[in-house]
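Residues per chain, in single letters:
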Amino acid sequence: MRDFSLNHEALSLNTATVRKQWSLDRIIEECARRDIRAISPWRDQVALVGIDHIARQLRETGIKLSGYCRGGFFPAADKPGLQAALDDNRRAIDEAKLLNAPCLVLVVGSLPGALTGPPAYHDISRARSEVRDGIAASLEYARQVDMPLAIEPLHPMQAAERACINTLEQALDLCDELDPGRSGSLGVAVDLYHVWWDPKLAAQIVRAGADRLLAYHVCDWLAPTRDLLNDRGMMGDGIIELKKCRRWMEEAGFTGYSEVEIFSDTWWQKPGEYVLDTCIERHLTVV
Ligand code: ZN
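Think of each chain on its own: its residues are numbered from 1, step by step along the sequence as written. For a predicted model such as this one, the threshold for reporting local features is a pLDDT of at least 70, and the threshold for listing and counting side-chain atom pairs is 80 or more; totals across whole chains, interfaces and linings nevertheless cover every residue. Heavy atoms from the whole structure form the basis of all side-chain values; hydrogens and water molecules are not counted.

Okay, the overall build of the protein next. Segments assigned H or I by DSSP are reported as helices when at least four residues long, segments assigned E as strands when at least two residues long, and all are numbered from the N terminus. What the protein contains, in helices and strands, is 10 helices and 9 strands. For the radius of gyration, the atom set is restricted to C-alpha positions; the globular benchmark scales as 2.2 Å times the number of residues to the power 0.38. Here the C-alpha radius of gyration of the protein, 18 Å, is about what a compact globule of 287 residues would show, namely 19 Å. Here the C-alpha coordinates of the protein stretch approximately 50 × 45 × 40 Å along the principal axes. Only protein chains enter the accessibility calculation, which uses a 1.4 Å probe. A residue is then buried if its area is under 20% of the maximum for its type, exposed if over 50%, and partly exposed in between. Relative to its 287 residues, the protein shows a buried fraction of 53%. The contact definition used throughout considers only heavy atoms, calling two residues in contact when any of these lie within 4.5 Å. Across the protein, every contact between residues at least 6 apart in sequence was considered, and the portion connecting residues at least 24 apart equals 79%.

In structure tokens form, the structure reads like this:
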């Protein structure tokens, strides 16, 4: 297993971690100042500054992407809705390409409309089949332009609103179905916040193998957790066995970044400088 205590060259920052403190151009400056070598930005953050500006800034600082957030949200109430989702995913793939991302992360979606109110339907198997079809369609284009898609299973507490794929096993079943030849164009993003509890986690990481382990997201699970979305913990403050999980990843052949992704009303209230310095310190000690 890599020794993270030596330096933080394997640290990537998911830029949602300091989204409330800074705009993306400032985040990149602050990362460059601290020798953080990779980020995973969100589309809305990129759009606010302008994608050409961000692309230039990444070139100038030499900062790489560990992923691009995000595509997905495939299910919809009707045909035009399904098509709009596909169109939007195509734009996300183009943006990921322009920014040289190694993969586009997919939060696949679930019951349409559930994020903001009563959903258009309640049939989660229908949502799952629309997700399957949406990924299959997006994959054709993703392959043409060589942009791997990384399915991120989400904790089942978010199964209604954000993702009807909730375990690594489910995500990998879909990979097997849609990319049986393991071409490298479809894989998974393993976000420990979502999957740490899964009794099959270790076995499914082995099953995924290096060619399907496209991204690795870390934070911590606070006990008790007070908010379903925005109460993620800083690494070391919760109960996830971070080093054990990273060993599983690396034994399966993963050599990529350890991407810090913390949505937290607590951490969003702290100075961004302090958040980044703490991420580095915890990366060196507990990740
Ligand atoms: Zn994640």
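Our next topic: the packing of helix 1 (residues 24-33) against helix 3 (residues 51-61). To describe two helices that pack against each other, one gives the angle between their axes and the distance between the axes. Two numbers describe how helix 1 lies on helix 3: the axes approach to 10 Å, and their chain directions differ by 5°. Comparing the axis directions of helix 1 and helix 3 gives the class roughly parallel. Where helix 1 abuts helix 3, its residues Leu-24, Asp-25, Ile-28, Glu-29 and Ala-32 lie against His-53, Ile-54, Gln-57, Leu-58 and Thr-61. Amino acids outside the nonpolar list (Ala, Val, Leu, Ile, Met, Phe, Trp, Tyr, Cys, Pro) and the charged list (Asp, Glu, Lys, Arg) are all regarded as polar, and Gly is one of them. Classifying every residue of the contact of helix 1 with helix 3 by side-chain character gives 5 nonpolar, 3 polar and 2 charged. Lines fitted to C-alpha atoms define the axes here, with helix axes fitted over just the stretch in contact, and angles between the N-to-C directions of these axes take values from 0 to 180 degrees. Reported orientations rely on four angle classes, namely roughly parallel under 35 degrees, roughly antiparallel over 145, roughly perpendicular from 65 to 115, and oblique for the rest.

Another aspect to go through is the pairing of strand 4 (residues 68-72). Sheet faces and side chains relate simply in a regular strand, where the side chains alternate between the two faces. The buried fraction of strand 4 amounts to 4 of the 5 residues, a majority that puts the element mostly inside the structure. At least two DSSP bridges between two strands are required for those strands to pair. One ladder, built from 4 bridges, connects strand 4 with strand 5 (residues 104-107); its direction is parallel. Note that in strand 5 the partner of Gly-72 across the bridge is Val-107. With strands facing away from the observer, any crossover in which the path from the first strand over the helix to the second runs clockwise is taken as right-handed. The handedness of the strand 4 to strand 5 crossover, carried by helix 4 (residues 79-98), is right-handed.

Right, let's get into the packing of aromatic side chains. Any two of the Phe, Tyr and Trp rings considered here, Trp counted by its six-membered ring, make a pair once their centres fall within 6.5 Å; the pair's planes then place it as stacked at under 30 degrees, edge-to-face at over 60, or tilted in between. In total, this model carries 5 aromatic pairs according to the counting rule given. Ring pairs connect the aromatic residues Tyr-193, Trp-196 and Trp-221, which therefore count as one cluster. In this scheme, Lys NZ or Arg CZ marks a charge over a ring once it lies within 6 Å of the ring centre and within 35 degrees of the ring normal. The ring centre of Tyr-141 lies 3.8 Å from the NZ or CZ of Arg-90, which sits over that ring. Lys-270 extends its terminal NZ or CZ atom over the ring of Trp-267, reaching a point 5.1 Å from the ring centre.

Quick look at the coordination of the zinc ion now. Because water is not among the atoms used, a metal site may look incomplete, as its donors are only the N, O and S atoms within 2.8 Å, or 3.2 Å for Na, K and Ca. Protein-derived coordination of the zinc ion comes from Glu-152 (OE), Asp-191 (OD), His-217 (ND1) and Glu-261 (OE), at a distance range of 2.0 to 2.4 Å. Taken together, the 4 donor atoms coordinating the zinc ion span angles of 81 to 147° at the metal, a pattern that classifies the geometry as irregular. Every donor residue of the zinc ion comes from the same chain, spaced as E-x38-D-x25-H-x43-E. You can see Glu-152 sitting in the loop between strand 6 (149-151) and helix 6 (168-178) and its partner Glu-261 sitting in the loop between strand 9 (258-260) and helix 10 (272-285), a full 109 residues away along the chain. Per residue, the accessibility class of Glu-152 equals that of Glu-261, and both read buried. Under this scheme a four-donor centre is tetrahedral when all angles range from 85 to 135 degrees, a four-donor centre is square planar and a six-donor centre octahedral when opposite donors are above 155 degrees with the rest from 65 to 115, and any other centre is irregular.

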